[in-house]
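Spelled out from the first residue to the last, the chains are:
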Amino acid sequence: MAPEVIVVGSCMTDLVSVTPRLPKAGETIHGSKFFIGFGGKGANQCVQAARLGANTAMVCKVGKDTFGNDYIENFVKNKVCTDFVGQTSEAATGAATIIVNADGQNAIVIVAGANLLLDCEDLSKAVTAIRGAKVMVCQLEIKPKTSLWALQLANAEGVKTIFNPAPAIPDLDHKFFTYSDILCCNESEAEILTKIAVRGPQDAGVAGKALLDKGCKVVIVTLGGEGCVVLSQENPTPKLLPTSTVEVVDTTV
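Remember, it's a predicted structure, so these values are computed and weren't measured experimentally. (Residues numbered from 1 in each chain as written. Predicted model: local features only at pLDDT ≥ 70, side-chain atom pairs only at ≥ 80, totals over all residues. Heavy atoms only, no water.)

Peer 1: Quick question: what am I supposed to make of the nonpolar core here?
Peer 2: Note that soluble globular proteins tend to have their nonpolar side chains buried in a common cluster. Ranked by size, the top nonpolar core spans 42 residues in total, and within it Ile6, Val8, Val59, Met136, Phe163 and Leu211 carry the most contacts. By residue number, the principal contributor to this core is helix α5 (residues 144-156), which donates 5 residues. Residues within four places of Phe163 in sequence aside, it is in contact with Cys138, Gln139, Leu140, Leu151, Leu172, Phe176, Ser180, Ile182, Leu183 and Cys184. Cys11, Cys46, Val47 and Val135 belong to the second largest nonpolar core, which has 17 residues in total. (Core = buried A, V, L, I, M, F, W, Y, C linked by side-chain atoms within 4.5 Å. Buried < 20%, exposed > 50% of the residue type's maximum accessible area, 1.4 Å probe, protein only. Helix = DSSP H or I, 4+ residues; strand = E, 2+ residues; numbered from the N terminus. Contact = heavy atoms within 4.5 Å.)

Peer 1: How should the pattern of salt bridges be read in this particular structure?
Peer 2: Note that side chains of opposite charge can pair when their charged atoms are close. Enumeration according to the criterion identifies 9 salt bridges in this entry. Close ionic contact of Glu4 with Lys134 constitutes a salt bridge, the shortest N to O distance being 3.7 Å. Remark: Lys134 occurs in the loop between α4 (127-132) and β9 (135-138) and Glu4 occurs in the segment before β1 (5-8); sequence separation between them is 130 residues. For the salt bridge of Glu73 with Lys77, the shortest nitrogen-to-oxygen distance reads 3.6 Å. One end of the pair is Glu73 and the other is Lys77, both in helix α2 (residues 66-77) and 4 residues apart, which spans about a single turn. The class of Lys77 is exposed, set by a relative accessible area of 62%. (Salt bridge = Lys/Arg side-chain N within 4 Å of Asp/Glu carboxyl O.)

Peer 1: Would you take a moment to explain helix α8 (residues 201-213) for this structure?
Peer 2: Working note: α-helix, 3.6 residues per turn, so residues spaced by three or four point in the same direction. Here α8 is 13 residues long and its end C-alpha atoms lie 18 Å apart, about the 18 Å a rise of 1.5 Å per residue gives. Residues of α8 that are buried sit in contact with α6 (175-178), β11 (182-186), α7 (187-194), β12 (218-222) and β13 (228-232). Looking at the residues trailing α8, positive phi occurs at Gly215, about 130 degrees. (Expected span 1.5 Å × (residues − 1).)

Peer 1: Sorry, what's going on with the environment of Ile110 here?
Peer 2: Topologically, Ile110 is positioned in strand β8 (residues 106-111). Note: C-alpha distance between Ile110 and Ala96 (14 residues apart in sequence) is 4.4 Å. Residue contacts for Ile110: discarding those within four places in its chain leaves Met12, Ala95, Ala96 and Glu141.

Peer 1: I keep staring at α7 and nothing clicks. Help me out?
Peer 2: By the burial criterion, the buried members of α7 are Glu189, Ala190, Leu193 and Thr194. Taken down its axis, α7 places every buried residue within 115 degrees of arc, on the same side. Looking at the buried side of α7, the elements it contacts are α6, β11, α8 and β12. (Arc of directions from axis to C-beta.)

Peer 1: It is not clear to me how the packing of aromatic side chains should be interpreted in this structure. Could you clarify?
Peer 2: Two aromatic rings, taken as a pair, are described by how far apart their centres are and by the angle between their planes. Scanning the entire structure with this criterion turns up 3 aromatic pairs. A centroid spacing of 5.0 Å and a plane angle of 20 degrees characterise the contact between Phe163 and Phe176, whose relative ring orientation is stacked. Here the residue Phe163 occupies a position in strand β10 (residues 160-163), and Phe176 occupies one in helix α6, the gap between them amounting to 13 residues. Judged by its relative accessible area of 2%, Phe176 is buried. Put simply, the rings of Phe38, Tyr71 and Phe75 touch in pairs and so form one group of aromatic residues. (Phe/Tyr/Trp six-rings, centres within 6.5 Å; stacked < 30°, edge-to-face > 60°.)

Here you go:
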């Protein structure tokens, strides 16, 4: 069955250590738990869409290594189409070393690896599938020009585009905004993109308006425990959507 949702983005193998607290520079501490998980902003979004019932496909690149093989197997288990998952011997599968403390705070080191080798040639293999999709999702954990080309292609074909500008880049090419039907970012990313300090819902509304002015149709600024602020070209008045209070266990899951 043709994919309804296509995600162009990153795959990261997460190497997670759970500790009582985050270590200081040069310090060695004992952890209480270690596990390996499947991460990466793009892959997380794709698997979540699949678990919600959508027919999904992932356009990405992993290494010809154990992590890469395991990643492809995980996609298959989650019913994600792997026709456009490439493997390369030129770089290792992307990896993230994550330390999580007892309060759910974390410190993360990312090595992008094979993710940075995903290019327009890889995207060209997925053109037919992209044209037939309903939604395409992109982020910035791969080369920005690859994400931009994907957004431009989907936009030209009338496919709804969702852009998560993370990790945010100052002075991002303005075309990213004009090709984004929905732009979803957190407060720090909104601040980087607009140079407007975001300290709460009111600031998020101001930053969101600035992002609308850049050309995207809908802006969502997430605010962690406070929920999110939503505004659009049709309704530019910021609206706060609060969230339920929950106990933070691990923000990387």
